[in-house]
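# Structural characterization, general
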Amino acid sequence: MEEIRNFVIIAHVDHGKSTLADRFLEITNTVPERRMKPQYLDQLELERERGITIKMAPVRMTYKPPNAKKPFILNLIDTPGHSDFAYEVSRALTAVEGAILLVDATQGIQAQTIANLNAARRTGLTIIGAINKVDLFENVNFTERLDKIVGEVAELLGVSPNDIFKISGKTGKGVKELLDGAVAQIPPPRALTEESTNAGRALIFDSFYDDHRGIIASVRVFEGEIHLHDELHLLATETQTRAKELGHFLPQLTPLTSGCTLSIGDIGYIATGVRDPEKVKIGDSVIAHPPVNRDIKSLALAGYEEPQPTAFVSFYPEEGDDYELLTRSLARLRLNDAALSIEPDQNELLGRGFKVGFLGRLHFEITGERLKREFGVETVNTFPSVRYRIKTKRGWQTIIKPEDLPNDYEEIWEPTVRVSILLPHAYVDSMFPLFRKFSMRDINTAIRHDHAEIIALMPLAELISDFDDQLKSLSQGYASFSYELTDYTKADIVKVDIFVSHRLIPGLSRFFPKDGY
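One structure accompanies this document, and this report is about it. (Residues numbered from 1 in each chain as written. Predicted model: local features only at pLDDT ≥ 70, side-chain atom pairs only at ≥ 80, totals over all residues. Heavy atoms only, no water.)

## A few points about the overall build of the chain
In plain terms, the rule: The secondary structure listing takes helices from DSSP runs of H or I that are at least 4 residues long and strands from runs of E that are at least 2 residues long, numbered from the N terminus. The quantity called the radius of gyration is restricted to C-alpha atoms. Its globule counterpart is 2.2 Å times the number of residues to the power 0.38. Only protein chains enter the area calculation, which uses a 1.4 Å probe; residues under 20% of their type maximum are buried, those over 50% are exposed, and those in between are partly exposed. For this analysis, residues touch if any pair of their heavy atoms sits within 4.5 Å. To be clear on the numbers: accessible area is Shrake-Rupley with a 1.4 Å probe, and residue cover counts the displayed protein chains and nothing else. Asp and Glu count as negative and Lys and Arg as positive, but His and the ends of the chain are not part of the count. Where a charge lies is defined by one atom per residue type: Lys uses NZ, Arg uses CZ, Asp uses CG and Glu uses CD.
Along the backbone of the chain there are 11 helices and 30 strands. Relative to a compact globule of 517 residues, whose C-alpha radius of gyration would be 24 Å, the chain shows 24 Å and is just as compact. Out of the 517 residues belonging to the chain, those deemed buried represent 53%. Considering only intrachain contacts with a sequence separation of at least 6, the fraction spanning at least 24 residues in the chain is 69%. By element, 48% of the accessible surface of the chain is carried by carbon and sulfur atoms, the whole surface being about 23,800 Å². Here the chain holds 60 positive side-chain charges and 74 negative ones, and the gap between their average locations is 1 Å.

## Points about the environment of Phe-358
Positionally, Phe-358 belongs in strand E19 (residues 351–358). Once you skip the residues sitting within four places of it in the chain, Phe-358 turns out to touch Pro-309, Thr-310, Ala-311, Val-313, Phe-315, Leu-340, His-363, Phe-364 and Thr-367.

## Structural notes on helix H8 (residues 361–375)
This is how it is decided: A helix's residues, less one, multiplied by 1.5 Å, set its expected span.
In a regular helix each residue adds 1.5 Å, so 15 residues correspond to 21 Å; H8 covers 21 Å between its end C-alpha atoms and thus fits that length. By the burial criterion, the buried members of H8 are Leu-362, His-363, Phe-364, Ile-366, Thr-367, Gly-368, Arg-370 and Leu-371. Directly beyond the C-terminal end of H8, a positive phi value near 70 degrees is found at Gly-376.

## Focus on a negative patch on the surface
The condition is simple: Any residue with relative accessible area above 30% and no salt bridge may belong to a patch, with like charges joined within 9 Å and the nonpolar Val, Leu, Ile, Met, Phe, Trp and Tyr side chains within 5 Å. Each reported salt bridge corresponds to a side-chain nitrogen of Lys or Arg within 4 Å of a carboxyl oxygen of Asp or Glu.
Side chains of Glu-318, Glu-319, Asp-321 and Glu-378 sit close together on the surface and give a patch of like negative charge. Mapped onto the elements, Glu-378 comes out in the loop between H8 and strand E20 (379–381).

## Digging into a nonpolar patch on the surface
On the surface, Phe-383, Ile-498, Val-500 and Leu-508 cluster together into a nonpolar patch covering about 300 Å² of accessible area. Within the secondary structure, Ile-498 is located in the loop between strand E27 (493–496) and strand E28 (499–500). Relative accessible area serves as the criterion here: at 32%, Ile-498 is assigned to the partly exposed category.

## Some remarks on the packing of helix H1 (residues 17–27) against helix H6 (residues 175–185)
Let me state the cut-off plainly: Axes, fitted as lines to C-alpha atoms, cover a helix only where it is in contact. Angles between the N-to-C directions of the axes lie from 0 to 180 degrees. Oblique is the label for any angle not covered by the other classes, which are roughly parallel (under 35 degrees), roughly antiparallel (over 145) and roughly perpendicular (65 to 115).
At a closest axis distance of 10 Å, the pairing of H1 and H6 adopts a crossing angle of 80 degrees. Here H6 runs roughly perpendicular to H1, going by the angle between their axes. Residues Leu-20, Arg-23, Phe-24 and Ile-27 of H1 lie in contact with H6, whose contacting residues are Val-175, Lys-176, Leu-178 and Leu-179.

## Some points on unusual backbone geometry
Cis peptide bonds are those with omega within 30 degrees of zero, and the linkage from Leu-250 to Pro-251 qualifies with -15 degrees. Mapping Pro-251 onto the fold places it in the loop between strand E12 (245–249) and strand E13 (253–255). Here Asn-29, not a glycine, exhibits a phi torsion of approximately 55 degrees, which is positive. Backbone geometry places Asn-198, a non-glycine residue, at a positive phi of 65 degrees. Within the secondary structure layout, Asn-198 lies in the loop between H6 and strand E7 (200–210).

## As for the sheet that holds E7
Applied cut-off: For two strands to count as paired, DSSP must find a minimum of two bridges between them.
Overall, antiparallel pairing links the eight strands, which are arranged E11-E10-E16-E7-E8-E15-E12-E13 in an open sheet. Either end of the sheet is taken by a strand with one partner, and the two such strands are strand E11 (239–242) and E13. Strand-to-strand twist of the sheet, defined as the mean angle between neighbouring strand axes without regard to direction, takes the value 40 degrees. Relative to strand E16 (residues 285–288), E7 runs antiparallel, the two being bridged by four bridges. Opposite Leu-203, over in E16, you have Ser-285 as the bridge partner.

Geometry only, nothing functional implied.
Listed below in structure tokens is the structure:
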């Protein structure tokens, strides 16, 4: 294990994570030059179009630093930067020992920079700071500005400015030094602190479906070894299967040769042969050759908290005959997107469909596009909604659709989020229209160097409307935000029904604030 380094790249969206990963692939000769293309690890067409990472992407690289006696195995996981995909980041953090925190020199520290940093700290990772896009400062006298950004990141991490790497993912400047720094500073994997069981124990941090090999689980091995054809126990679903294939991400799936194993500290994949998506859960433990004198359930590794959907949208097939296709397509998406929650739904006009829970508006938009492009399913969907708690004379109940509001309701309680907005000082005053439009309260503003941080509470339902667009417009694109769920609060809202030709259309009913009604 001493020659293994497992780490992630974390950053705010569009700060250059995928471009930096490209340079790592080139330096380590993991991908031949003739096959290299920009954003190599972003395999989805949507990722390339939007220039953002949606799915985490692992890759195994071999690299020999200067003066090293033998090469090192570097397992890198490139992660998304948008707040909607924070759950992807949290799963990747659990599989590694270190993180490179990347900050765009032209944008500085952003809201998701801090959110991802806090998540990495909670996981106990070693964190290395790096400033990207320094090539944009070479021909302009912005040295003072760059030094200021370096100082802010150093203060954020609690290190000396000399410990912050200055790089350009585009030109490659400083990238090799950063890679050497990752090898030197990130610790190798360590054995579990509990008493050894001699079992092969791995954590599933991602999964996807292959038509020939069934469900393929991306795993991090925390104890022992897993051999080809080992009997495997998936603890959460009490499923038993065999390892049909073992391999590494190079970055394409590359099977291990006969006799090789996935060993402690390794990141790789297991082809399970399982065809039922419900039997392979992200966050589950995979156990091989457990000791006979031990309760197998006691061998479970610490997994992840279940993701909490924030936005709910009902999807219906545009053509009624496509219902079964929509069913299979959502099941496939659920395999490598554990944050999706899916349950059957019915509408008197649109027929059978599914109510799907998402982590935010972008998550919903991306999923709708993937259904269309990857599976050829044309859908009709409702407005995004949230989960409301309703107090009635008969007690409490939960609804998502406004049309399900009972006639005898007394109070409506809605989920609230704490939102953190980072923006330049000059734009603080321009935020006042935002506060009223989105019912923000308990507003606190703190001045930090050349930017301000605004923290406030607001209804989740309003956050998933057009909050992001309005924030960008008022700040001319300079503001960023992150958020976290807090609790439910009593809502001053009213249900508005929509009639077409004097006929009520239930799917169009909406909740609106009373003062804006």
